[in-house]
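# Structural overview for review
Okay, here's what each chain looks like letter by letter:
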Amino acid sequence: MAQERDWSSLPKDLLRLVLGLLPWSSHPSFGAACKHWRSVQTPFFPAWVTPLLLSAADVGSTNLRFYSPYHHKNFEISSTLEAPGAKLCCAVGRHLTLCQPSTILEADLFSGDVYELPPIKYGWFHFVVYDGGGAAGRMFGVHTVGPPRTAITTVLDDDGEWDDWHYATPLGPDAKLMASSPNTNPVLHGGLLYVLFDDGKLAVYDESRHRDDGYFEILGKPTAFGLECEDKYLFESDDGELMAVLFGRRGTPVHVVKLNEQEMEWEKIGSLGGRALFTGTLTTAMRKTKIKWMENKVFLPRLYEWPETVRVDIVDRDGEMAFVPRSGSAGADIKPIKDEEDSRMWSCELGSQESAEFWDTEKVDYGIWVDFNTNKSAGAV
């Protein structure tokens, strides 16, 4: 009689085929079954564990490069971003929006493909905001020097073609001149577009009310943060609250405030509730995390040392994206960072008064946070 065989003796070729059909998040469980099954696993780095810092040493013709705070590695993919002189504006999922003189570009971070939107008539937008709404998507080009005003384009047809820009009316003689905070992107919140001013005032654009003239309404409240700060970033939290993170001189102290929409006043919060906040670029992301050393931390793109670069392919399986090292690539060690002392990226807790020595470390220029997590309850694998 033939010797009876069990699941642990399946041929490796068959196991690799099975593994190739499974989502990335199930691979650790697959490898935990037995030593034989674990032997067919190949290294991969999940792209959804935390937001990633997309950066480029020279914004132009450059390979896409992502920094992971979790692994303290740079992942460089073969796709080349062809956008000379562009400004990284905003990122929604795998979509990156860039601004050039007279042109807005949309890049697919998975493929590296770059698409031109209809040309801009008036030179340059200070900010671009994209809502990522698929066939009903909207993109806002925002001018914030002078009275804040916008131009809008929308996706009109099933082919994903963008409509021409709809512009604000020309400035009137009585226009009130104001300038928004230069380092904070306008934020979509509750279907409205908000612009933050340096003192904590807000302006709002409601397409249903302001589309005919294209101007923001400067709100009478809130009037100020009530806290001194030098840098500030507006964002929408993972719970849908409008918030701002405030930095003092040379980075400390750090405070987070949320907008009380009943009273229209800023309120300081005392805890991030176990979440992590990734800020310091034109996108800010707040995420729940199962990574203990990242809980209740604010992360800024300043590095104590430049990390190892791993050349990878980015692979999408059922909406889960992961970096897979190319054959012969160095840095395929998949050990995650276990504690904050080894993170090599500046982080602190709210209200921290610790020395800001990190401020003299290497700042990642041309960076923007990108969040590939499609399941907001997901944590580390």
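Residues numbered from 1 in each chain as written. Predicted model: local features only at pLDDT ≥ 70, side-chain atom pairs only at ≥ 80, totals over all residues. Heavy atoms only, no water.

What follows covers the overall build of the protein chain. Within the protein chain, the regular secondary structure consists of four helices and 28 strands. A burial count over the protein chain gives 52% of its 381 residues as buried. The contacts of the protein chain with a sequence gap of at least 6 include a subset with a gap of at least 24, amounting to 57%. Of the roughly 18,000 Å² that the protein chain leaves accessible, carbon and sulfur atoms contribute 49%. (Helix = DSSP H or I, 4+ residues; strand = E, 2+ residues; numbered from the N terminus. Buried < 20%, exposed > 50% of the residue type's maximum accessible area, 1.4 Å probe, protein only. Contact = heavy atoms within 4.5 Å. Areas by Shrake-Rupley, 256 points an atom, 1.4 Å probe, with all protein chains shown as cover.)

Turning next to a nonpolar patch on the surface. Side chains of L14, L17 and V18 sit close together on the surface and give an oily, nonpolar patch of about 260 Å² of accessible area. Here V18 lies in helix 1 (residues 12–21). Note on V18: relative accessible area 38%, which makes it partly exposed. (Patch = residues over 30% accessible without salt bridge, like charges linked within 9 Å, V, L, I, M, F, W, Y side chains within 5 Å. Salt bridge = Lys/Arg side-chain N within 4 Å of Asp/Glu carboxyl O.)

Counting residues in hydrophobic clusters, the biggest one holds 26 residues, and the most contacted among them are L54, F66, L96, L98, L109, F323 and F372. With sequence-adjacent residues up to four places away left out, L54 is seen in contact with L64, R65, F66, L88, L96, L109, Y366, G367, I368 and V370. (Core = buried A, V, L, I, M, F, W, Y, C linked by side-chain atoms within 4.5 Å.)

Spatially, 5-6-7-8 is the arrangement adopted by the four strands of the open sheet, whose pairing is antiparallel. Lying at the two open borders of the sheet, with one neighbouring strand each, are strand 5 (87–92) and strand 8 (114–116). Along the sheet, successive strands turn relative to each other by an average axial angle of 25°, direction set aside. Bridge count for strand 5 against strand 6 (residues 95–100) is five bridges, and the pairing is antiparallel. Residue pairing in the sheet places K87 in a bridge with C99 of strand 6. (Pairing = 2+ DSSP bridges. Axes fitted to C-alpha atoms, helices over the stretch in contact; angles between N-to-C directions.)

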